[in-house]
Every structure is written in C-alpha cells, then in structure tokens.
Amino acid sequence: MSQRDQLKKARAKKRGKLALLLIGLIALYVWAIFGIEFKGIQETAGPVTKNILKGFTSPDWSYVYSPNGEDLIRGLLETLAIAIAGIFLSILLAIPVGLWAAKNLSKNSITSQSGKGVLSFFRTLPDIILALLFIKVVGPGAFAGMLALGIGAMGMLGKLYAEEVEAMDPGPVESIAAVGGNKLQQLAFGVLPQVIPGFISATLYRFEINMRSAATLGLIGAGGIGTSLIFAIQGRSWDRVGIIIIGLVVVVLIVDLLSSALRKRIT
Amino acid sequence: MMDTKLNGPLPAKPARWPFYFFLIGLFTIVLLSAVYIGANPLTFIQNSDNMIELIVSMFPPAWSYIATTTPAMLETIRMALLGTTIGMIFSIPIMFLCARNIFRLRWLTELSRIGLNVLRTIPDLLLAAIFAAILGFSPLAGIVALSIFSIGIIAKLSFEAIENIDNGPLESMAAVGANKLQWIAFGVVPQILPHFVSYVLYTFEINIRAAAILGLVGAGGIGIYYDRALGFFAYDQVLALILYTLVVVITIDLISLKIREKLL
C-alpha cells in the first residue's frame, strides 16, 4: 500500500471516530433535553425578576446594622466564625489522616491506601448533607454548620496535605534517621518544616471554599447569613435580599483577596 | 593549619516573639469564633448517643429507595449536563474578554475580570434559591443556577489557559494580515481547545455534586428526596441516597477523568 493510501485510511478512520463521537453527543443531549420536565415558567417570573433587580439597585441599607436583633453584620460575622472554627477543626482532623495517607511515610501500601480511601469517602459527602445530619445531632444552628464544614473539609485538606508530604525531599528525614532520631523526631524536624508552607497554602485555599459553603449552610438551617437570606426570599423582601447578597459578595471578595495575597507570599 | 576560627560572634537568632504573638492572635480568633457561634464540645459529647442512634438507624440502607429515586437521579444528571453546556457557551465570549493577550484594552479586561470575580463569589445553592423564587420550583431553576455557576469556573480556568498560550502562531498570523476573528479561530482556539474541553468536563464533575443538593432549595433533582427522607426520620433511606449519589458521582468522575487524560 502506498503511503498516500495509508494516510487516506488514517484520515477516514479519524473522521469515523469523530462522527461516532458526534452521534453519541447528540443522543446524550436529546436524552437530556427531552427528559427535562418543563412545566413552563410561572407567570410571576417577570415581576419577581424586576423586583429583585430593583432590590439590588435600592437595597435595604437599614438592615446593615440594627442595635438589637439580627442584622447583616451579625449574619456575616457568624458566617465568618463558622468558616474559621470549621477550618480549625478540619486542620486538627486532616493532619493525622493526611500523614496516614501519605505514601512515603508508611511502610506498606495498605496503610496509605486505606487512609486515601477514608479521605475520598469524606470528600464525596457534600457539606450540606453533613449539615443536615449534624442538625439532627446537635440541633439547628451555627454549631451544626461548623461541624459539617469541619468534617467536610477534612477530606479535601487531608488529600492536599498527603500530596504535599509525598512531594517532599526525603533527604532530611533520612539524615535524622541516620543519626538515630526516632519516628516522632523525624516527623517534627524532617517532615514538618518542609511541608508547612504547602499546608498553609492548601488551608487558605480551602478556607475560601469554606466561606462560600458557610454562606449556604443557613439555607437549610445551619447558621450564618444563609438563614436571613432564605427568610428574606420567602418573605419576598427583595431589597433585603439585595443588601444580603451585596454584603456577602464584598466579604467573600475581601477574604479571597487576602487569602490569595498570603498564598503568593508563602509559596 | 587545620583549626578553624569563628569570625566574630554568631549572628543573632531572629526574635521568636513575633511568631508567638502571631500564633496567640490566631488562636484568639479561632476561640472567639467558636464562642461566637456557641460551639460547645460538651453539647456534642452530650448528644453523642444521638449521633450513635442516627448511625445505627441508617443500617441497613433502604435499597428499595434507589429504584424510587432513579428518575430524580436521572434528572440530576440531565440538569448538570445542560447547566454545564449552557455555562460553557456563555463562558466562551467572557474568557476571551478576560484574557490580556487577546484584547489589548486594559479597561475591558479588568472590567470583565472584576465581573467574573464577583460572579464567582456567589455559591451555587444561593443562586438556586434565588432562581427557584423566580422560575418556580422546577429543574429549570437548577439548570439556570448551574449555568451561571459554571461560567465562573470555566471562564476563569480558560482565560488563564489563554494567557499561557504560545505567541508564535499568533504573531505569524498577524504578520500575514489575519483579522481578529481569523486570529482567534486559527491561532488561539487550536491551542486551548484540549484545555477548554478538560475544564468543561471538570466543571461537569463539580456540577453533578452540586445538582444533587439543589433540590433542597426546590431547584429539582435528587435533593428533594434528601429533604423528604430526613423529614420522615427515615435514615436508612438517607443512607441509600448518599450511597447512590456516591456511586453516580464516582462513576462520572472516572469517565470524565479517562477522557481528560486522553485529551491532555
């Protein structure tokens, strides 16, 4: 067969694959679009949208601070507090599990694999579902939200910590072992100094996610600004919805900026 | 002569107190936060039999519930698929506007970036709650919420990829007189397409997880069944739902990961 024929054949094969892919995609979208139960848009959609937009342009500034009772500042502070206390809990949990899951710290692969399994189990549990369960245990409120975030973030933090440990330089640990340092000393003076910047960076990254999560926890009754927001939505007070979202966007943006500036300095 | 002499005294160790000060400050903030939200470990310990009871009542999982909820699970997948697709379409113009090496108008890229950053601060569930209020309690609300949420992720990751492309092809095209559209279509797109598809798939993975809980605020999908099962204290059904979601999420992750590995 000449080279030209071969080229032609290869091209035809490639085209065939592409056509197959396209047909598959089209079938997938037909399945998706026609499977969605479309009940039509409710008639109030227009006016409600208009009201929401009006709520954003003329937000309820009086809600920002009120001396007694709940207001925006208290809600946002509570959200921040949930995120902070939650991340602290997950650091405490993630460090031991992360070290357990790191390949280069355990002698046999079963140990690290089991640690990884635990981490990926917790990573697939959504924060919101955890919050629903913790509400049943400690009652509705910010504490349930904090526990949910603490447990939920452990999966991701532990994975990031383990990856950080796996990427470190084995030299220092070996030299400490060579001069007779025990396991704990190897960990404290060989491993930790190397991985701490990475740990801090991963923790800050997760903290940014925690802020967003903490804001939604209130929607299901686990404390924070979400509670005020869902009440405002149900009560159709769109000017209040407007100010809550503005406040939330501002706080999350500030946290993001601070965190990314810190992360840049560390790494 | 083998003995060495130290040249003068050792350099002074850096002071430790700023570090300790920092640590104390950090712990104070954590402690204050914990007190502010009333996080009392005692409450947790006192209610630990609640916890054990909850876990015990989860077993055995109600496997039959999986059959009941399958239509809702399929709806969840549909929502994620359509939400990701619509988000992908809208993120295409936005990512070109945000990339500094496409339009050399400083104010335009900066403005687009600020808009994108603001968009990215709003959590998915919150968007769903608002769109459920506008569009009614239907999967449509979830799809719209996921679309907007996807724009934030896809556009952000993609414009960073665009900024990292090789400038060579672009310069040679500009040299032979290509216009802006040709320049983007034949210079930029071939370079970023694999990255873009990979980011879309990654977003799809995130959206499957998100779509599974949107039902809690009335935006369609399997989430509504979580609400129902928890309301009836049917924890065996809750566990069945969790495991079902887990299997679907992991399966889709695996498929998506396989395709992404092939792409890059």
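Draft legend 1. Expanded view of the overall build of chain B. When helices and strands are counted, chain B shows 11 helices and zero strands. Taken against the 2.2 N^0.38 rule, which gives 18 Å for 264 residues, the C-alpha radius of gyration of chain B at 26 Å runs more than 25% over that of a compact globule. Projected onto its principal axes, the C-alpha coordinates of chain B cover approximately 70 × 70 × 40 Å. For chain B, buried positions account for 47% of its 264 residues. Within chain B, contacts between residues at least 6 apart in sequence are counted, and of these 77% link residues at least 24 apart.

Draft legend 2. Molecular detail of the overall build of chain A. If you tally the helices and strands in chain A, you get 10 helices and zero strands. Mapped in sequence order, the helices and strands of chain A form the string α-α-α-α-α-α-α-α-α-α. Relative to the 2.2 N^0.38 estimate, which gives 18 Å for 267 residues, the radius of gyration of chain A is 26 Å and therefore markedly larger than a compact globule would have. In terms of principal-axis extent, the alpha carbons of chain A reach across some 70 × 70 × 40 Å. Of all 267 residues assigned to chain A, the portion counted as buried reaches 46%. Restricting the contact set of chain A to residue pairs at least 6 apart, pairs at least 24 apart contribute 72%. Accessible surface, chain A: about 14200 Å² in total, of which carbon and sulfur atoms supply 67%. Between the averaged position of the 26 positive side-chain charges in chain A and that of its 16 negative side-chain charges there is a distance of 13 Å.

Draft legend 3. Here's a closer look at the interface of chain A and chain B. At the junction of the two partners, chain A supplies 54 residues and chain B supplies 56 residues. On the chain A side of the interface with chain B, the three residues burying the most area are A:Trp31, A:Lys136 and A:Val137, jointly 13% of the side's total. Connecting chain A to chain B are zero salt bridges. Linking chain A with chain B are five residue pairs in polar contact (both at pLDDT 80 or more), by the criterion used here. Of all elements in the fold, only helix H1 (3–35), helix H2 (45–57), helix H3 (72–101), helix H5 (127–138), helix H6 (142–166), helix H8 (183–217), helix H9 (225–234) and helix H10 (238–266) of chain A reach the threshold of two or more residues within the side of chain A that touches chain B. By residue class, the composition of the side of chain A that touches chain B is 42 nonpolar, five polar and seven charged.

Draft legend 4. Structural context of the pattern of salt bridges. Summed over all chains, the structure comprises 11 salt bridges over all chains. With a shortest N-O distance of 2.9 Å, A:Arg212 and A:Asp256 are connected by a salt bridge. Remark: A:Asp256 occurs in helix H10 and A:Arg212 occurs in helix H8; sequence separation between them is 44 residues. Of the two residues, A:Arg212 and A:Asp256, neither departs from the other in class, the shared state being buried. One salt bridge in this structure joins B:Arg113 and B:Glu163, with 2.4 Å as the shortest N-O distance. You can see B:Arg113 sitting in helix H5 (residues 106–121) and its partner B:Glu163 sitting in helix H7 (residues 139–163), a full 50 residues away along the chain. By relative accessible area, B:Arg113 is classed as buried at 15%. Here the salt bridges share partners, and the residues they tie into one network are B:Arg100, B:Arg106 and B:Glu110.

Draft legend 5. Local environment of the packing of H9(A) against helix H6 (residues 124–135) of chain B. For the pair H9(A) and H6(B), interaxial distance at closest approach is 10 Å and the crossing angle is 10 degrees. What the angle tells us is that H9(A) and H6(B) run roughly parallel. Along the contact surface, H9(A) presents A:Leu229, A:Ile230 and A:Ile233, while H6(B) presents B:Leu126, B:Ala129, B:Ile130 and B:Ala133. Classifying every residue of the contact of H9(A) with H6(B) by side-chain character gives seven nonpolar, no polar and no charged.

Draft legend 6. Seen up close, the side chain of B:Ser256. All names here are of chain B. On the secondary structure map, Ser 256 appears in helix H11 (residues 235–263). Taking the relative accessible area as the measure of exposure, Ser 256 reaches 3% and is therefore buried. Sequence-distant contacts of Ser 256, that is, excluding residues within four places in its chain, are made with Leu 201 and Glu 205.

Draft legend 7. Inspection of H5(A) at higher detail. All names here are of chain A. The terminal C-alpha atoms of H5, which comprises 12 residues, lie 16 Å apart, in line with the 16 Å expected from a rise of 1.5 Å per residue. In terms of burial, H5 is largely enclosed, as 11 of its 12 residues are buried. Within H5, burial applies to Asp 127, Ile 128, Ile 129, Leu 130, Ala 131, Leu 132, Leu 133, Phe 134, Ile 135, Val 137 and Val 138. Gly 139 occupies a position one or two residues after H5 and carries a positive phi of about 85 degrees.

Draft legend 8. Up close: a nonpolar patch on the surface. Taken together, A:Leu18, A:Leu21, A:Leu22, A:Leu25, A:Ile26, A:Leu28, A:Val30, A:Trp31, A:Ile33, A:Phe34 and B:Leu74 make up a surface patch of nonpolar side chains, about 1000 Å² in accessible area. In terms of residues, the nonpolar patch owes the most to one element, H1(A), which gives 10 residues.

Draft legend 9. Region of the structure containing empty space enclosed by the protein. Applying the stated criterion across every chain, the model contains three cavities of 30 Å³ or more. As a volume, the largest cavity reaches approximately 40 Å³. Forming the boundary of the largest cavity are A:Thr124, A:Pro126, B:Arg209, B:Ala212, B:Thr245, B:Leu246 and B:Val249. Only helix H9 (180–214) and H11 of chain B provide two or more residues apiece to the lining of the largest cavity. At three residues, H11(B) tops the list of elements feeding residues into the lining of the largest cavity. The class makeup of the residues in the lining of the largest cavity is four nonpolar, two polar and one charged.

What counts, and where the lines are drawn
Residues numbered from 1 in each chain as written. Chains lettered and ligands numbered in written order. Predicted model: local features only at pLDDT ≥ 70, side-chain atom pairs only at ≥ 80, totals over all residues. Heavy atoms only, no water. Helix = DSSP H or I, 4+ residues; strand = E, 2+ residues; numbered from the N terminus. Rg over C-alpha atoms; globule rule 2.2 N^0.38 Å. Buried < 20%, exposed > 50% of the residue type's maximum accessible area, 1.4 Å probe, protein only. Contact = heavy atoms within 4.5 Å. Areas by Shrake-Rupley, 256 points an atom, 1.4 Å probe, with all protein chains shown as cover. Lys, Arg positive; Asp, Glu negative; His and termini not counted. Charge placed at Lys NZ, Arg CZ, Asp CG, Glu CD. Buried area = accessible area lost by both parts, 1.4 Å probe. Salt bridge = Lys/Arg side-chain N within 4 Å of Asp/Glu carboxyl O. Polar contact = N/O pair within 3.5 Å; in protein donor to acceptor, adjacent residues only side chain to side chain. Nonpolar A, V, L, I, M, F, W, Y, C, P; charged D, E, K, R; others polar. Axes fitted to C-alpha atoms, helices over the stretch in contact; angles between N-to-C directions. Parallel < 35°, antiparallel > 145°, perpendicular 65-115°, else oblique. Expected span 1.5 Å × (residues − 1). Patch = residues over 30% accessible without salt bridge, like charges linked within 9 Å, V, L, I, M, F, W, Y side chains within 5 Å. 1 Å grid on protein atoms, 1.4 Å probe; cavity = no way out; pocket = protein on both sides within 12 Å on 5 of 7 lines; lining within 4 Å. Points joined across faces, edges and corners; volume = space filled by probe spheres on them.

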